[in-house]
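# An overview of the molecular structure
If you want the building blocks of each chain, they are given just below.
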Amino acid sequence: MTDPSELHPFTTLLDLDLDLGALTPVRGEVTERRLADMRGMYQREPADPERLVYQVLPIEVPATNANILCSTTLLHPGQVGDEFHMTKGHFHEVRDRGEFYLGIAGEGRLVMATEDGRSVVEPMRRGTLNYIPGGWAHRSVNVGDEPLVFLAAYIGDAGHDYGTIEDRGFPVLVVHGSGGPAVVDNPRYRSR
Ligand code: PAN
Ligand code: ZN
C-alpha cells in the first residue's frame, strides 16, 4: 500500500460564483452528463439528447480507502416530461461505503433507495447536510429554477455501480405536480 503521507496537504478555496452557480477551481477532470448519457432513465425519451444536464467537478486524490474523495455537482434546472433534471444515481460498488452531501445553492431532492426497495427522499438546499449511509443508492434531483450545487465527500475506494440503477431504476420519481414537486411511485421499477 502506498504511504498516504506522500500526498501533499492542500487547501482549495471554494469560490461560489452566484451567476454560474459554479465552484472553482477544479482539481481534475470535469465529467459532463447529457441526456444522451442517460438513455432509458427518464420515463419519456427526450427530444434533445445533447442537452447538458449536469457537471461533476472533482477535487482528485487517489481513490483508496485512505482518502476522502470530494467533488461538486452542478445540476442544471429543467425537465424531461414532468420529471425534473436528475443525476444518473448509483450504489457504491463497495456497498458499505457512506457519503455526505453539503448543499451550496439551488433547491433539490435527494432520492435514496436500498436494494430491497426501501426509499427515502430528503430536501437539498444551501446549508443542508445529507448523510447517505452505506447500502443506499442515491440520486439528486433539481426541483428549482436555478442550478442545484452541492459538495460530495465519500470514502475513496467506494466506486460507482450505475448498472443496478440502469437495470432496475429507483422505486420513486420526483415529478412536477400541481402543488409543486411530488414524489410518485416509479411504474417501471423492477423490484427483486
Ligand atoms: C456524487 C455523484 C455526482 C453525479 O459525486 O457522483 O453527483 O451523480 P452520478 O454519479 O450518479 O452521475 C457521488 O455520489 N459520488 O459518489
Ligand atoms: Zn455516491
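Anyway, here's the lowdown on the structure attached to this text. (Residues numbered from 1 in each chain as written. Chains lettered and ligands numbered in written order. Predicted model: local features only at pLDDT ≥ 70, side-chain atom pairs only at ≥ 80, totals over all residues. Heavy atoms only, no water.)

With that settled, the discussion passes to the sheet that holds strand β13 (residues 137–142). Spatial strand order, β11-β10-β13: three strands in an open sheet with antiparallel pairing. Only two strands of the sheet have a single neighbouring strand rather than two, namely β11 (119–125) and β13. Strand-to-strand, the axes of this sheet are offset by a mean angle of 20°, without reference to chain direction. Relative to β13, strand β10 (residues 107–113) runs antiparallel, the two being bridged by six bridges. What sits directly across from Arg-109, in β13, is Val-141. (Pairing = 2+ DSSP bridges. Helix = DSSP H or I, 4+ residues; strand = E, 2+ residues; numbered from the N terminus. Axes fitted to C-alpha atoms, helices over the stretch in contact; angles between N-to-C directions.)

Along the chain, the position of Thr-64 falls in the loop between β4 (52–59) and β5 (68–75). With 100 residues separating them in the primary sequence, Thr-64 and Thr-164 have C-alpha atoms 23 Å apart. In contact with Thr-64, not counting residues within four places along its chain, are Gly-156 and Asp-157. (Contact = heavy atoms within 4.5 Å.)

So, about the pattern of salt bridges. Two side chains bearing opposite charge may form a pair once their charged atoms approach each other closely. By the definition in use, this model includes nine salt bridges. A salt bridge links Arg-109 to Glu-107; the nearest nitrogen and oxygen atoms lie 3.5 Å apart. On the basis of relative accessible area, Glu-107 is assigned to the partly exposed category, the value being 37%. Put simply, Glu-115 and Arg-192 hold a salt bridge, and the shortest N to O gap is 3.1 Å. (Salt bridge = Lys/Arg side-chain N within 4 Å of Asp/Glu carboxyl O. Buried < 20%, exposed > 50% of the residue type's maximum accessible area, 1.4 Å probe, protein only.)

Turning our eyes to something else, we now look at the site of ligand 1. With respect to spatial proximity, 17 residues lie near ligand 1, and among them Tyr-54, Thr-73, Glu-99, Tyr-101 and Tyr-162 are the closest. In the model, an oxygen atom of ligand 1 is placed 2.7 Å from a nitrogen or oxygen of the Thr-73 side chain. Protein burial of ligand 1: of its 390 Å² of free accessible surface, 97% is covered by the chains. Those elements that place two or more of their residues in the shell around ligand 1 are β4, β5, β9 (99–105) and β14 (148–155). When residues of the shell around ligand 1 are assigned to their parent elements, the largest contribution, three residues, is made by β14. (Near = heavy atom within 4 Å. Polar contact = N/O pair within 3.5 Å; in protein donor to acceptor, adjacent residues only side chain to side chain. Areas by Shrake-Rupley, 256 points an atom, 1.4 Å probe, with all protein chains shown as cover.)

As a further point, take the pairing of β13. Most of β13 sits out of view: six of its six residues are buried. The side-chain alternation of β13 yields two buried faces, one formed by Ala-137, Arg-139 and Val-141 and the other by His-138, Ser-140 and Asn-142.

Glancing now at the coordination of the zinc ion (ligand 2). Those protein atoms acting as donors to the zinc ion (ligand 2) are His-90 (NE2), His-92 (NE2), Glu-99 (OE) and His-138 (NE2), and they sit at 2.1 to 2.3 Å. Taken together, the six donor atoms coordinating the zinc ion (ligand 2) and their angles of 74 to 176° define a geometry best described as octahedral. Going along the chain, you hit the donors of the zinc ion (ligand 2) in the pattern H-x1-H-x6-E-x38-H. Using a relative accessible area of 4% as the deciding quantity, one classes Glu-99 as buried. (Donors = N, O, S within 2.8 Å, 3.2 Å for Na, K, Ca; no water. Tetrahedral: all angles 85-135°; square planar, octahedral: opposite > 155°, others 65-115°.)

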